[in-house]
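# Inside the fold
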Amino acid sequence: MKEHKHPSEPFRIKSVEPIALLPRAAREKVLKRARFNIFKVKAEEIYIDLLTDSGTGAMSIDQWAALMRGDESYAGARSFYRFEETVKDITGKKFIVPTHQGRVAENVFFSSVLKKGDYVPNNTHFDTTRANVIHKGGEAMDMPCPEADIEDDNPFKGNIDTQRLERFIEEKGADKVPVVFITVTNNSTGGQPVSMANIIEASTICHRHGILFYYDCARFAENAYFIKRYESGYEGKTIKEIAQEMFSYVDGALMSAKKDGLASMGGFVALSDEKLATKITELLIVIEGFPTYGGMSGRDIEAVTAGLKEVMNEDYLAYRVGQLEYFGNVIEQAGAPIIKPTGGHAIFINAGKFLPHIPPEQFPGQSLTVELYREGGIRGVEIGSIMFGGEDPETGKKYNAPKELVRLAVPRRVYTASHLDYVAETLRKIAARKGELNGFRITKEAKLLRHFTAEFEEMTSEQVEVS
Ligand code: F0G
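Residues numbered from 1 in each chain as written. Predicted model: local features only at pLDDT ≥ 70, side-chain atom pairs only at ≥ 80, totals over all residues. Heavy atoms only, no water.

Now for the nonpolar core. What tends to happen in soluble globular proteins is that the nonpolar side chains get buried as a cluster. If you look at the biggest cluster of nonpolar residues, it comprises 59 residues, and the most contacted ones within it are F83, Y215, F220 and M246. Top contributing element to this core by residue count: helix α8 (residues 220-230), with six residues. Counting contributing residues, this core receives three or more from each of domain 1 (24-53 + 313-466) and domain 2 (61-310). Of all hydrophobic cores here, the second largest spans 29 residues; its members include I48, I338, V410 and I430. (Core = buried A, V, L, I, M, F, W, Y, C linked by side-chain atoms within 4.5 Å. Buried < 20%, exposed > 50% of the residue type's maximum accessible area, 1.4 Å probe, protein only. Helix = DSSP H or I, 4+ residues; strand = E, 2+ residues; numbered from the N terminus. Domains from an automatic or database assignment.)

Here it is in structure tokens:
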């Protein structure tokens, strides 16, 4: 096993937010009150919160200072023009449409390009992207590369399967596929990066068939850093040069700026097609806001603008990716199997493998998520059969997720090595008695996106054995 030291932070801490671990009995009470759904636990009841890296990062002194520059004019605010110039500089696109978060960029974009019955291929859709495609009558097709499922050190497991993409387009006809997406990094399969070679190949295929090619670029800077580190020919380039090259192969991009925008709120659509930009902007005004603020306050826009510049700092990215490598390493040493290599924003524990005595129908990922809170006040999220399984409302067919995972997402610039060591220590304690962990049963669930609101009952060990 490779040793990874925790990187030395390229910042010092100027402001702190107190956190505390509730006593064990209180944590038990919290779990019962929340019906074992971690989304229903209050933030103040959590010690280490690894639910998401979205909007949860710490801002820099430049970002906090920039808030005061926020121009709150309804139309034509100075803040917008600074934001527009920054996004244009990175993406090279002519039109920048601001939105308050990623899913609204998805909404205005897919509403403007999709017809009922269209297909949208993607390396892997994030849930909100999938939901927006479906909501506009499209079908969301995931095409992760075959290497994603092989246990080796391949650094670009986020790639799209280009052979499958080409076959799919030929089979369905280019007129049924208005746009192809690549998500950088590929959140849903492990936060893993996409190589420039794969981007170029996918771009060539799309453009040969006259199909739009877009990014979901929530974590573009983390992706660019992996390219610099692992793809030959990019060692000597700056992150900004790599990002600019990445964006040169796409027709446009949707971004949730809550990740690599290093801000709590924000997003955009970037594109060069004037007609499409006009259509998107018309809808934006109806559902989101005027085109020079799009749902963000001037302050938000300033924080994102400063964040987008800062995120491309190589010392920061080396620290960020190094921290994830360190975290993956200590978790593995504690006895929990993870998806490797570690990606840019989260560690994915293979709960199915960790808890082989709990079958997918009894949700091993849920069992580990609950135990992380019960043992250590830690919040992670199940990414398995609760999130992706269930029953097809039309056919009644039951299905499970391909893997039973628990995601521990790491907020940017928030937790130190000792916080991460604490999480690993908690996992070590759980690993020592993992055979005692129980499965779960759903007692109440919604039809769509059930993981957010479902209620659960913990099964007894006898129930686990007989099933
Ligand atoms: N695309 C990707 C790749 C994402 O990871 C997310 C959000 C979105 C789009 C939607 O953006 O939340 O600003 O509307 N991901 C968060 C997560 C929620 O926890 O992974 P949003």
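To continue, consider unusual backbone geometry. In this structure, T185 follows V184 across a cis peptide bond, with omega equal to -20°. Here T185 shows up in the loop between β5 (179-183) and α7 (196-208). For F36, which is not a glycine, the phi torsion comes out positive at approximately 60°. Counting through the fold element by element, F36 comes out in the loop between α1 (24-33) and β1 (48-49).

Another point: the pattern of salt bridges. Two side chains of opposite charge can pair, provided their charged atoms sit close to one another. Evaluation of the coordinates by the stated rule reveals 34 salt bridges. E455 is paired through a salt bridge with K40; the nearest N and O atoms lie 3.4 Å apart. Here K40 lies in the loop between α1 and β1 and E455 lies in strand β16 (residues 455-458), a separation of 415 residues in the sequence. Under the relative-accessibility criterion, K40 is labelled partly exposed at 31%. The partner of E371 in a salt bridge is R433, with the nearest N and O atoms 3.0 Å apart. Pair noted here: E371 is in helix α14 (residues 364-376) and R433 is in the loop between α16 (417-432) and β15 (440-444), with a separation of 62 residues, a long-range link. Three or more residues are tied together by salt bridges with common partners; here these are R24, E28, E371, R374, E375, R433 and E458. (Salt bridge = Lys/Arg side-chain N within 4 Å of Asp/Glu carboxyl O.)

By the assigned domains, the chain splits into domain 1 (24-53 + 313-466) and domain 2 (61-310). Between domain 1 and domain 2, the residue contacts involve 26 residues of the former and 31 residues of the latter. For the pair domain 1 and domain 2, the summed buried area comes to about 2200 Å², and 50% of that belongs to carbon and sulfur atoms. Taken together, the links from domain 1 to domain 2 amount to nine salt bridges. Measuring nitrogen to oxygen at the nearest pair gives 3.4 Å for the salt bridge that ties D260 to R412. Between domain 1 and domain 2 we count 16 residue pairs in polar contact (both at pLDDT 80 or more) in total. Contributions of two or more residues to the side of domain 1 that touches domain 2 are made by α12 (314-333) and β9 (346-350). Residue contributions to the side of domain 1 that touches domain 2 peak at seven residues, all from α12. Per-class residue counts for the side of domain 1 that touches domain 2 are ten nonpolar, six polar and ten charged. (Contact = heavy atoms within 4.5 Å. Buried area = accessible area lost by both parts, 1.4 Å probe. Polar contact = N/O pair within 3.5 Å; in protein donor to acceptor, adjacent residues only side chain to side chain. Nonpolar A, V, L, I, M, F, W, Y, C, P; charged D, E, K, R; others polar.)

Once that is clear, we can look at the packing of helix α4 (residues 102-113) against helix α10 (residues 274-287). Direction vectors running N to C along α4 and α10 enclose 125°, while the axes themselves pass 9 Å from each other. In terms of orientation, α4 and α10 fall into the oblique class. Note that α4 runs across α10; the crossing there is right-handed. Judged by residue contacts, V104, N107, V108, F109, S111, S112 and V113 of α4 engage L276, K279, I280, L283, L284 and I287 from α10. (Axes fitted to C-alpha atoms, helices over the stretch in contact; angles between N-to-C directions. Parallel < 35°, antiparallel > 145°, perpendicular 65-115°, else oblique. Left-handed = near helix turned anticlockwise from the far one by under 90°.)

Once that is clear, we can look at the packing of helix α3 (residues 78-91) against helix α11 (residues 298-310). At a minimum axis distance of 9 Å, the contact between α3 and α11 shows a crossing angle of 30°. Between α3 and α11, the angle falls in the class roughly parallel. Where α3 crosses over α11, the two elements pack in a sense that is left-handed. The segment α3 lies against α11, with S79, F80, R82, F83, T86, V87 and I90 engaging G298, I301, E302, V304, T305, L308 and K309. Looking at side-chain class alone, the contact of α3 with α11 contains seven nonpolar, four polar and three charged residues.

Considering all chains together, one arrives at two cavities of 30 Å³ or more under this definition. Looking at the largest cavity, its volume works out to about 90 Å³. Taken together, N37, I38, F39, Q366, T369, V381, E382, I386, H451 and F456 make up the lining of the largest cavity. Secondary-structure elements contributing two or more residues to the lining of the largest cavity are α14 and β11 (381-383). Considering only residue class, the lining of the largest cavity consists of five nonpolar, four polar and one charged. (1 Å grid on protein atoms, 1.4 Å probe; cavity = no way out; pocket = protein on both sides within 12 Å on 5 of 7 lines; lining within 4 Å. Points joined across faces, edges and corners; volume = space filled by probe spheres on them.)

Turning our eyes to something else, we now look at the environment of T183. Positionally, T183 belongs in strand β5. Of the residues examined, T183 reaches a relative accessible area of 4% and is grouped as buried. Linking T183 and D216, residues 33 residues apart in sequence, is a C-alpha distance of 4.5 Å. In this structure T183 touches N122, N123, T124, V194 and D216, once residues within four positions along its chain are discounted.

Let us look at the sheet that holds β11. An order of β9-β14-β11 is seen for the three strands of this open sheet, with the pairing classed as antiparallel. With one partner strand each, in any of the chains shown, β9 and β11 form the two edges of the open sheet. Adjacent strand axes in the sheet meet at a mean angle of 35°, parallel and antiparallel pairs treated alike. Across three bridges, β11 lies against strand β14 (residues 405-409) in antiparallel orientation. Residue pairing in the sheet places E382 in a bridge with V406 of β14. In the packing of α12 onto the sheet, contacts are made with β9 and β14, and the angle to β9 comes to roughly 20°. (Pairing = 2+ DSSP bridges.)

This brings us to the environment of F168. Here F168 is to be found in helix α6 (residues 162-172). The class for F168 is buried, based on a relative accessible area of 8%. Taking C-alpha positions, F168 is 9.7 Å from M141, a pair spaced 27 residues apart along the chain.

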